[in-house]
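Remarks on the overall topology
So the chains spell out like this:
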Amino acid sequence: MGKLRIIVTGLIGQYPLGGVTWDYMQYATGLMRLGHDVYYLEDTGQHPFNPQEGGISGECDFNVSYLREVMARFDMEDRWAYHFPWDSQWFGLADDRREAVVRSADILINVSGVLAWPEKYRHIPCLVYIDSDPDFTQVKLARGQVDFQRMLETHDVHFSFGERLSDAVPKTAFDWRPTRQPVVLDEWHQGGTARDVYTTVMNWTSYKPLEYRGTTYAQKDVEFERFIDLPGRVPEVSLEIAVNTGKTRRTPRGLLERKGWHVVHPDQVCPDMEGYRSYITHSRAEWSIAKNGYVQGQSGWFSCRSACYLAAGRPVVVQDTGFSKVLPTGTGIVPFSTLQEAIDGIRDVERRYASHSRAAREIAEQYFDSSLVLTKLLDESMASVAGNNVSAKP
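Sequence positions are assigned chain by chain, starting from 1 and proceeding in written order. With pLDDT at 70 or above as the cut-off, local features in this predicted model cover only qualifying residues; side-chain atom pairs require 80 or more to be listed or tallied, and sums for whole chains, interfaces and linings still use all residues. To obtain the side-chain values, all non-hydrogen atoms of the structure were used and water was disregarded.

1. What about the nonpolar core?
Working definition of a nonpolar core: buried Ala, Val, Leu, Ile, Met, Phe, Trp, Tyr and Cys residues. They are joined through side-chain atoms within 4.5 Å. Buried means the residue's accessible area, taken with a 1.4 Å probe over protein chains only, is under 20% of the maximum for its type, while exposed means over 50%, and partly exposed covers the values in between. Among the nonpolar cores identified, the biggest contains 76 residues, and I109 and F302 are the most heavily contacted of them. Only runs of H or I of at least four residues qualify as helices and only runs of E of at least two qualify as strands under DSSP, and these elements are numbered from the N terminus. The dominant element in this core, judged by the number of residues it contributes, is helix α1 (residues 18-33), at seven residues. Dropping the residues within four chain positions of it, F302 is found in contact with F161, A307, L310, V316, V318, F323, L327, I333 and F368. In this structure, F227, I241, I289 and Y353 belong to the second largest nonpolar core, which totals 26 residues. Note on contacts: a residue pair is in contact if any heavy atoms of the two residues lie within 4.5 Å.

Quick look at the structure:
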């Protein structure tokens, strides 16, 4: 495959937060490292979140400034465009240059489906959809959300972090190809001094639960209740969660602290991309639950955040969503489904920490390396489009 002109979409300006930034920049940076001509474009149709204001803002100065700094950090200062819906203002690339890039692009990768109007970009030969929220995506389709279905139909190729969509997940008309979060490994250094604490960064709730045929697909708050007594069961370790206040249900900080959790706010401990990386690399390991919908669906979803812990050589003790069927587990990645399994997992990491740490980095190198993940994604995308074009000929 030769050099491609690639547009990556994202939410870096919309949500100028550390973890969000890494999620999307590892696509753009990883593709650049492969030698492609890469541009970042943000066209969500939404007013952005401003952490300084604590909510959605009617202005975008803070967000554009943050995005500009991030792009410069990755040598993309002249390779980004951000659309602010008020009076349809664009920032970054000049209008004529942005339009030329969009006209000449070979492929657009719509990560997390954040592009508001993908039909505006339909002339690009290959539109790729990355489903980073499996189970919920398939439930939305099964529930008959017509606008969502039409948006997906606009794309040529569909990938999902649900690497093994099980029978517990509603069937859809789309061919979901497995993929996972790409990690730019040399951005996540091993070693260094770590705090003697297990950490994670999480949303208590992101959106309302979905129901389909008697099954509720809920958020992390539901799963956390099953493990809320964990600190008292492993008093030999410290457990910390960097958690927001909750979007649809308020985080019970007082209860969590009484149960022995150390509760911190992400805006304070990992407010930007460098802070987020530092928070992960200075942790001993990760302990985390998953959204209830992922647990219900057992689709094989694996956290972007956990992949970064692995790359930093930090073991992860994380709730199983079916990923144990597609990733090596037991050392480096320790899955659990019950409270006792979580307890046993933490204690095993403590007994064999050096082995778990080495295995964590090895798994990242073998399964999450951006050069491997993104090469496979591009090869499959371009082959699929070429195959469709051939089959469409008379």
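2. Quick word on the sheet that holds strand β6 (residues 89-92)
When DSSP finds two or more bridges between a pair of strands, those strands are recorded as paired. With mixed pairing, eight strands are arranged side by side in an open sheet as β6-β5-β2-β1-β7-β8-β9-β10. Two strands close off the open sheet at either side, each with one partner strand: β6 and β10 (176-178). For this sheet, the mean angle separating the axes of adjacent strands, direction not counted, is 25°. Examined bridge by bridge, strand β9 (residues 157-160) and β10 share three bridges and lie parallel to one another. Residue F159 lies in a different strand from β10, and its bridge partner there is R177. Axis definition: a line fitted to C-alpha atoms, limited for helices to the stretch in contact. Angles are taken between N-to-C directions and run from 0 to 180 degrees. Each of β1 (5-9), β2 (37-42), β7 (107-111) and β8 (126-131) touches α1; the most contacted strand, β1, lies at about 170° to it. Here helix α2 (residues 61-73) sits on the sheet in contact with β2, β5 (80-84) and β6, set at roughly 170° to β5.

3. As for the pattern of salt bridges
Any Lys or Arg side-chain nitrogen found within 4 Å of a carboxyl oxygen on Asp or Glu counts as a salt bridge. Counted according to the given criterion, the structure contains 29 salt bridges. Here E380 and R177 are joined by a salt bridge, their closest N and O atoms 3.3 Å apart. One end of the pair, E380, is in helix α15 (residues 370-392); the other, R177, is in strand β10, with 203 residues separating them in the sequence. Looking at E380, the relative accessible area reads 21%, which means it is partly exposed. Its salt-bridge partner being E286, residue R305 comes within 2.4 Å of it at the nearest N-O pair. Of this pair, R305 sits in helix α12 (residues 304-311) while E286 sits in strand β17 (residues 285-288); the two residues are 19 residues apart in sequence, bridging distant segments of the chain. Note on accessibility: R305 and E286 belong to one class, buried. Bridged by salt links that share partners, the residues R33, R73, D186, E187, E274 and R277 form one connected network.

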